[in-house]
Each structure stands twice: as C-alpha cells, then as structure tokens.
Amino acid sequence: MSKFVILITGTPCVGKTSVALLLAAKLNAIYVNLTEFATKNNLVIGADERRSGSLIVNEVRLRKVVSKLINEAGDKSVVIDGHYAASVVPKKHVTHTFVLRRDPVELRGFMEKAGFSGNKLWENLASEILDVCLVDALNAYGREKVCEINATGKSVEDTVEDILAILNGSKKCRVGVVDWLGKLESEGRLNEYLRV
Ligand SMILES: Nc1ncnc2c1ncn2[C@@H]1O[C@H](COP(=O)(O)OP(=O)(O)O)[C@@H](O)[C@H]1O
Ligand SMILES: [Mg+2]
C-alpha cells in the first residue's frame, strides 16, 4: 500500500481521537496526537484565556518536528489528530485531510458529556455551525486534499470505514456535505445554537 499522511481535523469533541486511533490501527500507521506531541516536545508556550484556555504552541518549531517525524516514518503511513493540524503540517507532506462533522445538536451532547459549558461550549458550537475547521483545512491544503465526513449518528467504526473507502477509491472525497446553518434555521433552533 502507498504511504498516506492523513490529518483528522474537526471541532473539539467531534470524535477525532476515537477515529484517528482506530484508523491508524487499521492502516498500521503511526498515530500522532498534536496536542500531546507539542507538550512532549516542550512546544506549548501558553494558554489563550480568551479562547477558553486552548493551548498556544510554537507553530514554527512544531512544523519542523512534525516534518521530521513524517520523514523518519519512511514507508509507514502517519495519522495526525488535532484541530490546529491545518497550520502545522506542511502541505507537501499531506495526502488527505478529513474534516469530521457532527450535527450541532448531537455535538452539544458530546460536549456537555465532556464537561464543556458556557463560552467554551457556545464558541465551539459556533465553529462547527460556521464550518471553521473546514475553511481552515481548505485554505491550508486546497480542495484536492480535503474530504468532509459527516459522522452524525455513526459509530467510530462506520466513520473509519467511510475514510478507508475514500482512501481505496471506492468512495468519492467530497466537501459541502453538511449545512448546519440551514438545518438549524429550518428547525427554528438557530438562535438557540448560534449565541456568539
Ligand atoms: N461515533 C461516536 N459515537 C458515540 N460517542 C463517540 C463517538 N465518537 C466519539 N465519541 C465520544 O465522544 C467524546 C469525544 O470524542 P473524541 O474522540 O475524544 O473527540 P475529539 O478528539 O474530537 O475531541 C468521547 O467521550 C468519545 O468516547
Ligand atoms: Mg481529541
């Protein structure tokens, strides 16, 4: 099989880590969690209090160590898990970026279960509704390397099967597969969900 360098991105709690771990196991690939990787390599330089304490990393250095890891992986595929992947994995290395999407109503439940509340919850839900991760991925890697996966109502296994089907060419890579704004609007829930 050819070498894949795959990014799994998406809003917090969408299911990135669950999917990336299973995908890496199925591909016999190296799994990299960007947050853990940045911490281990002493590249965390602070926490952004206005952004609900999300970590600030030395992106220039992180790009270098991620590139090194991909080169040293040789023929092995690499699966990279992280919502700021778009800014730190150089385009030339990346074969596929999968942006996981989840209906905001379901995502809110996942976030609440993970202990998110207040600003942190509403800011992250707004990011999902407004396609922030998708736009970041498209800006960084272009349409030819970005596939959107609607994980709503699916098991981790089913989502990984969708990704494998795209990798082996039996399913098409697409963007524009969800419209949360339109859906929430038609359900009369937009004001409830888009608070920031
Ligand atoms: N397909 C799924 N169905 C049900 N629960 C899920 C699914 N995917 C993830 N979860 C749960 O949702 C939470 C967030 O998942 P996680 O993979 O940590 O997301 P992320 O890495 O994007 O923050 C975890 O508790 C996880 O067990
Ligand atoms: Mg995670």
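Basis of the calculations
- Residues numbered from 1 in each chain as written.
- Chains lettered and ligands numbered in written order.
- Predicted model: local features only at pLDDT ≥ 70, side-chain atom pairs only at ≥ 80, totals over all residues.
- Heavy atoms only, no water.
- Pairing = 2+ DSSP bridges.
- Helix = DSSP H or I, 4+ residues; strand = E, 2+ residues; numbered from the N terminus.
- Axes fitted to C-alpha atoms, helices over the stretch in contact; angles between N-to-C directions.
- Contact = heavy atoms within 4.5 Å.
- Salt bridge = Lys/Arg side-chain N within 4 Å of Asp/Glu carboxyl O.
- Buried < 20%, exposed > 50% of the residue type's maximum accessible area, 1.4 Å probe, protein only.
- Near = heavy atom within 4 Å.
- Polar contact = N/O pair within 3.5 Å; in protein donor to acceptor, adjacent residues only side chain to side chain.
- Areas by Shrake-Rupley, 256 points an atom, 1.4 Å probe, with all protein chains shown as cover.
- Nonpolar A, V, L, I, M, F, W, Y, C, P; charged D, E, K, R; others polar.
- Parallel < 35°, antiparallel > 145°, perpendicular 65-115°, else oblique.
- Left-handed = near helix turned anticlockwise from the far one by under 90°.
- Phe/Tyr/Trp six-rings, centres within 6.5 Å; stacked < 30°, edge-to-face > 60°.
- Lys NZ or Arg CZ within 6 Å of the ring centre and 35° of its normal.

J.: So what's going on with the sheet that holds strand β1 (residues 5-9)? Residues and values would help.
T.: With respect to topology, five strands assemble into an open sheet ordered β2-β5-β1-β6-β7, the strand pairing being parallel. At either end of the open sheet lies a strand with only one pairing partner, and these are β2 (30-33) and β7 (146-150). The mean inter-strand angle of the sheet, taken between neighbouring strand axes irrespective of direction, is 20°. Here four bridges tie β1 to strand β5 (residues 78-81), and the two strands are oriented parallel to one another. Across the sheet, V5 pairs through a bridge with V78, a residue of β5. Packed onto the sheet, helix α3 (residues 59-72) meets β1, β2 and β5 and runs at close to 155° relative to β5. Lying on the sheet, helix α8 (residues 156-167) is in contact with β1, β6 (96-101) and β7; it crosses β6 at an angle near 150°.

J.: Break down the pattern of salt bridges for me, with residues and values.
T.: Per the counting criterion, the structure on display carries 14 salt bridges. E148 is paired through a salt bridge with R101; the nearest N and O atoms lie 2.7 Å apart. Here E148 is found in strand β7, whereas its partner R101 is found in strand β6, with 47 residues between them in sequence. Notably, a salt bridge pairs K183 with E187, separated by 2.9 Å at the nearest N-O pair. What makes E187 partly exposed here is its relative accessible area of 35%. Here the residues in one salt-bridge network are R101, E128, D131 and E148, joined through shared partners.

J.: Outline the site of ligand 1, supporting the account with residue identities and numerical values.
T.: Neighbouring ligand 1 are 13 residues; C13, K16, T17, S18 and K154 lie closest to it. Take K16: an N or O atom from its main chain is 2.8 Å from an oxygen atom of ligand 1. T17 is positioned with one of its side-chain polar atoms (N or O) 2.8 Å from an oxygen atom of ligand 1. A total of 560 Å² of accessible area belongs to ligand 1 in isolation, and the protein chains cover 61% of it. The element that contributes the greatest number of residues to the shell around ligand 1 is helix α1 (residues 16-27), accounting for three residues. Of the residues belonging to the shell around ligand 1, the class tally is five nonpolar, five polar and three charged.

J.: Let's hear about the environment of E112: which residues, and what values?
T.: Its location among the elements puts E112 in helix α5 (residues 104-113). Residues E112 and C13 lie 99 residues apart in sequence; the distance between their C-alpha atoms is 9.5 Å.

J.: If you had to explain the packing of α1 against α8 to someone new, which residues and values would you point to?
T.: α8 packs onto α1 with a crossing angle of 55° between their chain directions and a minimal axis gap of 9 Å. In terms of orientation, α1 lies oblique with respect to α8. The crossing of α1 and α8 is right-handed. In this structure, α1 uses S18, V19, L22, L23, K26 and L27 to contact α8, whose residues at the interface are V156, E157, T159, V160, E161, I163, L164 and L167. Counted by class, the contact of α1 with α8 contains nine nonpolar, two polar and three charged residues.

J.: Go over the packing of aromatic side chains, please, and point to the residues and values.
T.: Inspection of every chain in the model, using the stated rule, returns one aromatic pair. Seen from their ring centres, W122 and Y193 are 6.4 Å apart, and the 80° between their planes marks the pair as edge-to-face. Of this pair, W122 sits in helix α6 (residues 118-129) while Y193 sits in helix α10 (residues 190-193), placing them 71 residues apart in sequence. Across the pair, exposure class does not vary: W122 and Y193 are buried alike. Across from the ring centre of F116, 4.6 Å away, lies the NZ or CZ of K120, which sits over that ring.

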